[in-house]
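Analysis of the macromolecular model
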Amino acid sequence: MNTQKLKFPSIILFAITILLGASCGTKKEQLKDFKEVMKLENIEYTFINMDEYFPSKIVEKADQAFVFPQTQNVQLPESFNSNEVNYNTQKFLDSSYAQGLILIQNDTIQYENYWRGQTEAVKHISWSMSKSYVSALFGIAMEEGFIESVEQTVDEYLPELKGSGYEGVKIKDVLQMSTGVGFDETYSDPNADINRYWDDFGNGKSQDEFAASLKNEIEPGTFNHYVSINTHVLGMIIVKATGKSLTQYLEEKIWKPIGAEHNAYWIADGKGMEMALGGLNATLRDYAKLGRLYLNKGNWNGKQIIPESWIEASTNSTEEHLQANSENSSSPSFGYGYQWWIPDGDQGEIMAIGVFNQYIYINPTTNTVIVKNSANKNYYESSNSYASTTTHLEFFRELGGV
């Protein structure tokens, strides 16, 4: 693994999807169009138009929107340092193919800008930032009594996963990406699990059935191995326990209560199940509201939306294998909580992170929330520091004044 860049495996490299011939339609002309827009050189359009190519479910906006106060854009720092390398800020934004960037400090928008087709009203795919929303919904479902304990096993709620790698695995280990489930994420291998997942999803097959096909390889709770399907299993539990879809539950419990300014949408498989692991699409400002919610420990203007105890559990690395620099982690550069990444340091920072450089960065010490959307077509170049999460972290720290 390249320590300069975490490989977040929520979404397969689109070029491989093309090779596999995945399609959301049946007509040859639809397949041709789908292949064309999914090419890496076209993803800056694709990422802001995902509902043209996949089934989607609408998350309705709030009746009364919350609007951040805003000042005239501050001047961004001319440069910043990461790992003893100096980066020109404008070149960094260009080279990471930024589409949207917002800096909120002390509850006020200090900087907001858009490029490559995104605007303040355009929805952008979140990729694995979705996982942090699923975590929040899970905590709410527990508070409401739908789910009893994270110490319960997956199959207590999902008997259909008996016989799979999730049988006997504690929910806590699923939340912490420590299930021990084997999952091959070799992007160049068309037979790898991640490629098989995307082939199924692109052809409308059930994600539930895919999860049931996975097997266990190591003892759960001993190694932090990032497996995107773990988040799908959490989504399955929420749906089964609450009797509501992820879209409905998000709209009711988070989206409307935090005053979302725009509708969001969640892409779904052919069975109507949302892509919990990476399919939420929303505007930059509305993504920032999740940051504000976590910055305030789940409280929104006096109303406790997410239990504070859940926020604390979600944003701390407890066991040794979850901590930054652990030898028992496939992503040792960062710590891990309940579907949140935890940078090493004393600032209390947390991050929701999606492939191709999507980020929600939260720093309670400096009262900062930063969201960045990107369509980095060079993301998978191993030596590309402009795609590095470490480089992005230092950029966010510079913006926040750390």
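The rules behind these values
- Residues numbered from 1 in each chain as written.
- Predicted model: local features only at pLDDT ≥ 70, side-chain atom pairs only at ≥ 80, totals over all residues.
- Heavy atoms only, no water.
- Helix = DSSP H or I, 4+ residues; strand = E, 2+ residues; numbered from the N terminus.
- Buried < 20%, exposed > 50% of the residue type's maximum accessible area, 1.4 Å probe, protein only.
- Contact = heavy atoms within 4.5 Å.
- Areas by Shrake-Rupley, 256 points an atom, 1.4 Å probe, with all protein chains shown as cover.
- Pairing = 2+ DSSP bridges.
- Salt bridge = Lys/Arg side-chain N within 4 Å of Asp/Glu carboxyl O.

1. Details of the overall build of the protein
Summing up its helical and strand segments, the protein has 14 helices and 15 strands in all. Taken over 402 residues, the protein has a buried fraction of 59%. Sequence separation of 24 or more characterises 70% of the internal contacts of the protein that already satisfy a separation of 6 or more. As presented, the protein carries roughly 15,000 Å² of accessible surface, and 44% of it is formed by carbon and sulfur atoms.

2. With respect to the sheet that holds strand 8 (residues 280-282)
Reading across the sheet, the 4 strands line up as 1-7-8-6 and stay open at both edges, with antiparallel pairing between neighbours. Strand pairing shows two members of the sheet lacking a second neighbour, strand 1 (56-59) and strand 6 (124-125), which therefore form its edges. As paired strands, strand 7 (residues 264-267) and strand 8 are joined by 2 bridges and run antiparallel to one another. Following the sheet pairing, Tyr265 is matched in strand 8 by Asn281.

3. Let's talk about unusual backbone geometry
In this model, Tyr97 sits at a positive phi of 55°, which is unusual for a non-glycine residue. One non-glycine residue, Asn367, lies in the positive phi region at around 55°. Within the secondary structure, Asn367 is located in the loop between strand 14 (358-363) and strand 15 (368-374).

4. Re helix 11 (residues 246-255)
In terms of burial, helix 11 is largely enclosed, as 8 of its 10 residues are buried. Among the residues of helix 11, Leu246, Thr247, Tyr249, Leu250, Glu251, Lys253, Ile254 and Trp255 are the ones counted as buried. Against the buried residues of helix 11 lie strand 1, helix 5 (130-143), helix 10 (229-242), strand 7, strand 8 and helix 12 (284-295).

5. Some points on the pattern of salt bridges
Within the structure shown, the criterion is met by 21 salt bridges. Linked through salt bridges whose partners overlap, the residues forming this network are Glu112, Glu120, Glu261, Arg285, Asp286 and Lys289.

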